[in-house]
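# Structural characterization, general
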Amino acid sequence: NQFSCGEIMLNPSFAALVKNSPILPVLHMESVEDAVNVSRALFKGGITCAEIVLRSPVALDCIKAVAEQVPEMTVGVGTLTTPQQVKDSVAAGAQFLVSPSFTKTLATAMIDTGLPMLPGVVSPSEITQALELGITEVKFFPAAQYGGAKTIKALSSVFSQVKFCPTGGVSLGNMAEYFANKSIFAVGGSWMVPKDLIANKDWDAITLLCQQAIAAINDLDKCA
Ligand code: 3PG
């Protein structure tokens with residue numbers, strides 16, 4: 001999967017993965033059946049990637065089930081903080097890797113899988129460490145608490161080669177603010193998968209929220 005660029009191995013681009021629907025839904029799933037249904041609802045709504053976070057006991061089972069039962073969806077893992085979790089997630093069928101944080105140990109384990117990967121950063125020093133490993137695509141997390149679009153603007157003026165996926169506090173209402181910055185290749189969030197809709201198994205309402213988000217992004221492109 002990897003290709004060589006000088007001495008640094010580059011993983012397939014994360015931006016390319018979400019190019020057609022630049023939204024990374026963050027799924028906190030408590031049931032395998034719900035994870036399958038939510039994934040189908042997201043895909044129906046035009047979102048083609050789903051990040052299932054390792055914050056529930058069934059997260060790996062959810063990844064496995066979505067990979068097997070919803071092959072049209074690209075399913076990945078989020079909230080990675082250890083190399084062992086990276087291994088377990090790949091074994092479960094994760095097709096991309098997301099972390100809220102950055103360490104050399106963790107990022108190296110993610111790179112070694114050859115999968116698209118997205119470590120989390122908020123600071124110039126973390127970005128510099130990512131660049132030292134050849135990483136130019138990062139998650140900016142938690143986005144709202146660390147200054148949102150304004151902070152990314154300041155970071156991207158220094159690190160013009162870096163592409164960001166802000167996550168945390170992103171919504172339909174503030175997406176435009178983020179996408180105004182060309183360094184932002186996608187946004188992540190959970191606003192299209194609210195807990196109450198999952199509890200009510202209202203898959204159609206989730207599809208509708210996704211359609212709204214995709215329509216809003218298409219409108220932004222038209223205006224650009
Ligand atoms: C998370 O990891 O929970 C994500 O950052 C989602 O944040 P959000 O719920 O604010 O979209």
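Look above for the structure.
An account of the accompanying structure is given in this report. (Residues numbered from 1 in each chain as written. Predicted model: local features only at pLDDT ≥ 70, side-chain atom pairs only at ≥ 80, totals over all residues. Heavy atoms only, no water.)

## Considerations on helix 7 (residues 148-158)
For clarity, the threshold we go by: Buried means the residue's accessible area, taken with a 1.4 Å probe over protein chains only, is under 20% of the maximum for its type, while exposed means over 50%, and partly exposed covers the values in between. Secondary structure elements follow DSSP: runs of H or I of four or more residues count as helices, runs of E of two or more count as strands, with numbering from the N terminus. Summarising the geometry, the arc corresponds to the directions from the helix axis toward the C-beta atoms. We call two residues in contact whenever any of their non-hydrogen atoms come within 4.5 Å of each other.
Every buried residue of helix 7 is accounted for by Gly-148, Ala-149, Ile-152, Leu-155 and Ser-156. Projection of helix 7 onto a plane perpendicular to its axis shows the buried side chains occupying an angular sector of 125°, all on one side. Counted as exposed and oriented over 90 degrees from the buried face of helix 7: Lys-150, Lys-153, Ser-157 and Val-158. The elements touched by buried residues of helix 7 are helix 6 (124-132), strand 9 (137-140), strand 10 (163-166) and helix 8 (175-179).

## Focus on the side chain of Asp-34
Inspection of the secondary structure puts Asp-34 in helix 2 (residues 32-44). For Asp-34, a relative accessible area of 10% gives the class buried. Beyond its immediate stretch of four places on either side in the chain, Asp-34 contacts Met-29, Ile-198, Lys-201 and Trp-203.

## What about the pairing of strand 4 (residues 49-53)?
Selection rule: The rule for pairing is simple: two strands pair if DSSP sees at least two bridges between them. If the strands point away from the viewer and the path from the first strand over the helix to the second runs clockwise, then the crossover is right-handed.
The element strand 4 is extensively covered by neighbouring structure, given that five of its five residues are classed as buried. Side chains Cys-49, Glu-51 and Val-53 of strand 4 all project onto a buried face; the interleaved residues Ala-50 and Ile-52 project onto the opposite face, where all are buried too. Where strand 3 (residues 23-27) lies against strand 4, two bridges are found, and the strand directions are parallel. If you follow Val-26 over to strand 4, its bridge partner there is Glu-51. Remark: the strand 3/helix 2/strand 4 crossover connection has right-handed handedness. Sheet analysis places strand 4 next to strand 5 (residues 74-78), joined by five bridges and oriented parallel. Directly across from Glu-51, in strand 5, lies its bridge partner Gly-76. A crossover connection joins strand 4 to the parallel strand 5 through helix 3 (residues 59-69); in handedness this β-α-β unit is right-handed.

## A few points about the nonpolar core
Taken as a class, soluble globular proteins show a tendency for nonpolar side chains to be buried jointly. Here is the rule: Definition of nonpolar core: a set of buried residues of the types Ala, Val, Leu, Ile, Met, Phe, Trp, Tyr and Cys, connected through side-chain atoms within 4.5 Å.
One finds Ile-23, Leu-42 and Ile-206 to be the most contacted residues of the largest nonpolar core, which totals 67 residues. Considering every element that reaches this core, the biggest residue donor is helix 10 (residues 203-223), with seven residues. Membership of the second largest hydrophobic core comes to ten residues, among which are Leu-24, Phe-96, Leu-118 and Phe-185.

## Considerations on the pattern of salt bridges
As a reminder, the rule being used: The rule for a salt bridge is simple: a side-chain nitrogen of Lys or Arg has to be within 4 Å of a carboxyl oxygen of Asp or Glu.
A full pass over the atoms with the stated rule returns three salt bridges. Note that Asp-204 and Lys-44 form a salt bridge whose closest N and O atoms lie 3.9 Å from each other. Here Asp-204, found in helix 10, pairs with Lys-44, found in helix 2; they are 160 residues apart in sequence, far enough to count as distant. Of the two residues examined, Asp-204 and Lys-44, each falls in the exposed class.

## As for the site of the ligand
The condition is simple: Nearness is defined per residue: one heavy atom within 4 Å of the molecule or strand is enough. A 3.5 Å cut-off defines polar contacts: any pair of N or O atoms within that distance qualifies, except that in protein one atom must be a possible hydrogen donor and the other a possible acceptor, and neighbouring residues in sequence count only when both atoms are side-chain atoms.
As a structural note, the neighbourhood of the ligand is formed by Val-26, Arg-55, Phe-141, Thr-167, Gly-168, Gly-169, Gly-189 and Ser-190. Between the ligand and Arg-55 there is a distance of 2.5 Å, counted from an oxygen atom to a side-chain nitrogen or oxygen. In the environment of the ligand, an oxygen atom lies 2.5 Å from a nitrogen or oxygen atom belonging to the side chain of Ser-190.

## Quick notes on the packing of aromatic side chains
Two aromatic rings, taken as a pair, are described by how far apart their centres are and by the angle between their planes. For clarity, the cut-off: Any two rings among Phe, Tyr and Trp, with Trp reduced to its six-membered ring, count as a pair given centres within 6.5 Å; such a pair is stacked if its planes are under 30 degrees apart, edge-to-face if over 60, and tilted if neither.
For the structure shown, the criterion picks out two aromatic pairs. Centre to centre, the rings of Phe-14 and Phe-96 are 5.4 Å apart; their planes meet at 90°, and the pair counts as edge-to-face. Here Phe-14 is found in helix 1 (residues 14-17), whereas its partner Phe-96 is found in the loop between helix 4 (83-92) and strand 6 (97-98), with 82 residues between them in sequence. The class of Phe-96 is buried, set by a relative accessible area of 0%. Aromatic side chains Phe-14 and Phe-185 sit 6.3 Å apart centroid to centroid with 65° between the ring planes, which places their arrangement in the edge-to-face category. Of the two residues, Phe-14 sits in helix 1 while Phe-185 sits in the loop between helix 8 and strand 11 (187-189), which places them 171 residues apart along the sequence. Looking at Phe-14, the relative accessible area reads 1%, which means it is buried.

No statement about biological role is implied by the geometric values presented.
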